[in-house]
Each structure stands twice: as structure tokens, then as C-alpha cells.
Amino acid sequence: MSIIGLSLEQLKNKIKDAGMQPFVAGQLWDWIYKKNKLTFEEMVNISKQNQLKLKEVIEISPFKAVELLPSGEGRAIKLIITLKDNKKIESVILKERDYYTLCVSSQCGCPVDCKFCLTGIVGFTRNLEVDEIIGQVLVANSLGYHIGNLVFMGMGEPMLNFDNVFEAIDFMTSLDTMGMSKRRVTVSTSGFIKNIQRLIDEKRYINLAFSVGHANPEKRVRLMPIEKKNPIMEVATKLHEYQSLHNRKLTLEYTLIDGMNEDDQAIRELARLAKYLDAKVNLINLNPHHKIPFKPVSTKVLHRARVFLEREKVPVTIRFRKGDDISAACGQLGESHLAPKTAS
Ligand code: SAH
Ligand code: SF4
């Protein structure tokens, strides 16, 4: 296990056990969480002797290798990360106007099996550990991409790795560590009623995004088998209850799929759901892939959906694709599983 995610107390004990002064733990902590350095050589106020000792007894990175894949337009960079057990995950750095967003993975693959999602098609391997979740952000920061916004929209279903995801969020939003703003963390879910209930029970108020697929249950089940055990009507009731308890944003993510969910009736049902939940809608055109058996809609259809929602007074944004050329857009993560590359 790497030391990422340990408390300062735990780190001090580790340092003491290795025969060093506890203050070295404080130095290490500062370099990692405040100054974004992940190699001992860069930690210049730690003596050479202590650097060598640390190297022997401590591992900072939870990863074996990280490969960078910038997109042609330079607006997205995919990180292909090899975990210690040689499994691969991906995260995506997205350039915003004056900060970077990290689309972070919560699982290696995903067991939810949405029919339009490459991660679902790739299948599920395992949950990510706390250090592997935090590590994605630390790596991006250490590469000079200061992450100001975090979205759990990479590989996996965060609600199915609840404990680790929220432990990682608590850690990263602590002022003692990276001090990320809680308001700038969004967890995206395909909608697990029990887990939304858990958010309510634990009074965890966060920005939530709900992936709709289709607002009509009979149509939704064809795209998202999760509908069978977590019917959208019940999910919506639970989300409504959750939203009534706090003032964080709720977003409905709606992936437009040609011939499946873009007709007027489908968009009308989406508008009704958004109004009931007082949510904004984020329209995403399907990111195609030869393993995904669906096609995106035309730009005309995409804009027609937007105009319809606007007329209904539903706040709507269109998520433009960034990084298509490197398979780094939402729902395309998992490419490195299909065609393993050697990480450098
Ligand atoms: N499992 C979570 C978070 C990861 S998926 C969830 O489903 O919400 C992140 C977003 O990508 C979801 O809104 C999902 O609907 C969307 N998505 C999946 N496959 C896609 C694809 N091929 N094109 C566009 N968006 C996709
Ligand atoms: Fe999993 Fe989300 Fe993809 Fe569905 S859309 S398979 S929940 S990652």
C-alpha cells in the first residue's frame, strides 16, 4: 500500500518505525499534498540520507506506471494508469478556461452494463482503493494540471464503491491535505436507490449527477438493465427527497442515442423529470466506438432537444466532446483494456 490517504498521525508512526524523526512526516506531507511533488528527489528540504531511507521503506505512488495521451486539439489528456496489480484504469484531464477538470475513475471497469457505454462493455474487474482514487488527482496535479474540479465520470459506478469514494472525497477536501472545494466535486451515478438513501442517512450533501438514459421505464430498461432493480420512478422519488435536504446541484445527464431516446416524446419525458427534480440537464451526444452498438444523433437533433428543453424552462447545457480522437470522452473509457498498450 502507498502512503496516500494515510492520516498525518499514521504517517508519523510509519516514519518513526523506520527510525526517522517524526518531523520528516510533516515535510513529506507538505511536499505531496501542498506542493504536488511525488518523488523524493524533488523534496529538497529532506536530507539526502533521509531521502534514501524513505525510498527504502515508503511508496508514494499507488501506481506502477502512468502514460499520457494528449488529444489533437489539446483540450483533453488521457492518463492511462497501470495499477500495482497490472490492471489498467483511465482518467481524463479536461482543460477549462482557467483551471482543469479531472474525470476520475472509481472502479476498474464497471458492472452496471449500460448498453451504450464502453466501460460497461469492457466489464468489471475490481473497486479502486482510496489511494488509487486520490492518486489520480495527485498525478494530474504533479504533472502541472492543477485540478480545480473533480467529476466521478470516469470508469465505474462510484455508488458501488461508496466507502472508498467518499473516504477519498473527505480526504481530498480536507484543509489539511489538498483543500479541494466540496462544491467542485460531482459524483455521477446511474441511480442506485439504496445508495441515495445512504447519502440521506449519512447527511452527505454533494453535487450529484444522475444518468438518465431514457426517462421512460420501458425504454430505459433496453439501454440500462439497472432499471429492473432500480426503477427510475423510485429513483426519482428518492432523488427528490435527497434534493429537498440541501442546496447542491442536481444534474441529469442525458446521452443522446440515434433512434433510441431523441424523439419529441422522449425529450418531453426528460423535461418532466427535470422539472420534478428542479435539475439542470446536460445533453451529451453519444461517443461512438466500434464496440458500442449505437450511433450519435445529428447536430440538428441535438440542438432541437436543447431548444425543446429551453422552451420548457429547463436549464440545459450541451457537453461538447473533448478528446474523441484519443477515446477520452465520457463513456469511452476502457479502450486500454481492449487493446492493451505497454505503459512507459
Ligand atoms: N457510472 C457513472 C459515472 C460514469 S459514466 C454513471 O453512469 O453516471 C459518465 C457518464 O457518461 C454517464 O452520464 C453516462 O451516461 C455517460 N456515457 C456512457 N457512455 C457514453 C457514451 N458512449 N457516450 C456518451 N456518454 C456516455
Ligand atoms: Fe457503468 Fe456509468 Fe458506464 Fe453505466 S454509464 S456502464 S454505470 S460507467
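Please read all numbers here as calculations on a predicted model, not as lab measurements.

**Comments concerning the site of ligand 1**
So, point 1. Ligand 1 sits among 20 residues. The nearest are Phe116, Gly156, Ser188, Ser211 and Asn287.
So, point 2. Note that an oxygen atom of ligand 1 is positioned 2.6 Å from one of the side-chain N or O atoms of Ser188.
So, point 3. Within the side chain of Glu253, a nitrogen or oxygen atom sits 3.1 Å from an oxygen atom of ligand 1.
So, point 4. Summarising the interface, the protein chains cover 96% of the accessible area of ligand 1, which totals 530 Å² for the free molecule.
So, point 5. Secondary structure elements with two or more residues in the shell around ligand 1: strand 8 (185–189), strand 10 (250–256) and strand 11 (280–285).

**Structural notes on the site of ligand 2**
So, point 1. Surrounding ligand 2, one finds Cys110, Val112, Asp113, Cys114, Cys117, Gly120, Gly156, Glu157 and Ser190.
So, point 2. Each residue belonging to the shell around ligand 2 can be placed in one class, and the counts come to four nonpolar, three polar and two charged.

**Description of the pattern of salt bridges**
So, point 1. Throughout the structure, instances matching the rule amount to 16 salt bridges.
So, point 2. Between Lys35 and Asp30 there is a salt bridge; the shortest N-O distance is 3.9 Å.
So, point 3. Residue classification places Asp30 among the partly exposed positions, given a relative accessible area of 30%.
So, point 4. Residue Lys84 pairs with Glu59 through a salt bridge whose shortest N-O separation is 2.6 Å. Here the residue Lys84 occupies a position in the loop between strand 2 (76–83) and strand 3 (88–95), and Glu59 occupies one in the loop between helix 3 (48–57) and strand 1 (63–70), the gap between them amounting to 25 residues.
So, point 5. Salt bridges sharing common partners tie together Asp163, Asp170, Arg198, Glu202 and Arg204.

**Remarks on the sheet that holds strand 12 (residues 316–319)**
So, point 1. A sheet is described by the order of its strands in space; here ten strands give the open sequence 1-2-3-4-7-8-9-10-11-12, paired in mixed fashion. Edge positions in the sheet fall to strand 1 and strand 12, since each of these pairs with one other strand and no more. Put simply, the sheet's adjacent strands are angled 25 degrees from each other on average, direction ignored.
So, point 2. Of the strands in this sheet, strand 9 (207–211), strand 10 and strand 11 are in contact with helix 10 (residues 264–277), which crosses strand 10 at around 170 degrees.

**Quick notes on the domain arrangement of the chain**
So, point 1. By domain assignment, the chain separates into domain 1 (8–57) and domain 2 (63–336).
So, point 2. The gap between the C-alpha centroids of domain 1 and domain 2 is 35 Å.
So, point 3. Taken together, the contacts link six residues of domain 1 with ten residues of domain 2.
So, point 4. Both sides together, the interface formed by domain 1 and domain 2 hides about 700 Å², and carbon and sulfur atoms give 61% of it.

Conventions and cut-offs
For every chain, the first residue of the written sequence is number 1, and numbering continues from 1 along that sequence. By the order in which they are written, chains take letters starting at A while ligands take numbers starting at 1. Per-residue local features of the predicted model are confined to residues with pLDDT of at least 70, and side-chain atom pairs are confined, for both listing and counting, to 80 or more; whole-chain, interface and lining totals are unaffected and use all residues. Based on all heavy atoms of the structure, the side-chain values leave hydrogens and waters out of the count. Only a single heavy atom is needed: when it lies within 4 Å of a molecule or strand, its residue is near that molecule or strand. We call two N or O atoms a polar contact when they sit within 3.5 Å, provided that within protein one can donate a hydrogen and the other can accept it, with sequence-adjacent residues counted only if both atoms are side-chain atoms. Shrake-Rupley sampling with a 1.4 Å probe provides the accessible areas, and residues are treated as covered by the protein chains on show and by no other component. Only DSSP runs of H or I reaching four residues or more are called helices, and only runs of E reaching two or more are called strands; each is numbered from the N terminus. Residues are grouped as follows: Ala, Val, Leu, Ile, Met, Phe, Trp, Tyr, Cys and Pro are nonpolar; Asp, Glu, Lys and Arg are charged; all remaining types, including Gly, are polar. When a carboxyl oxygen of Asp or Glu is within 4 Å of a side-chain nitrogen of Lys or Arg, the pair counts as a salt bridge. Burial here depends on accessible area, computed with a 1.4 Å probe over protein chains only, as a share of the maximum for the residue type. Under 20% is buried, over 50% is exposed, and the range in between is partly exposed. At least two bridges found by DSSP between two strands are what make those strands a pair. Here an axis means a line fitted to C-alpha atoms, over the contact stretch when the element is a helix, while the angle between two N-to-C directions is reported on a 0 to 180 degree scale. Working rule for contacts: check all heavy atoms of both residues, and any pair within 4.5 Å makes them a contact. The domain limits used here are those given by an automatic or database domain assignment. Throughout, buried area stands for the accessible area (probe radius 1.4 Å) lost by two parts on being put together, summed over both.

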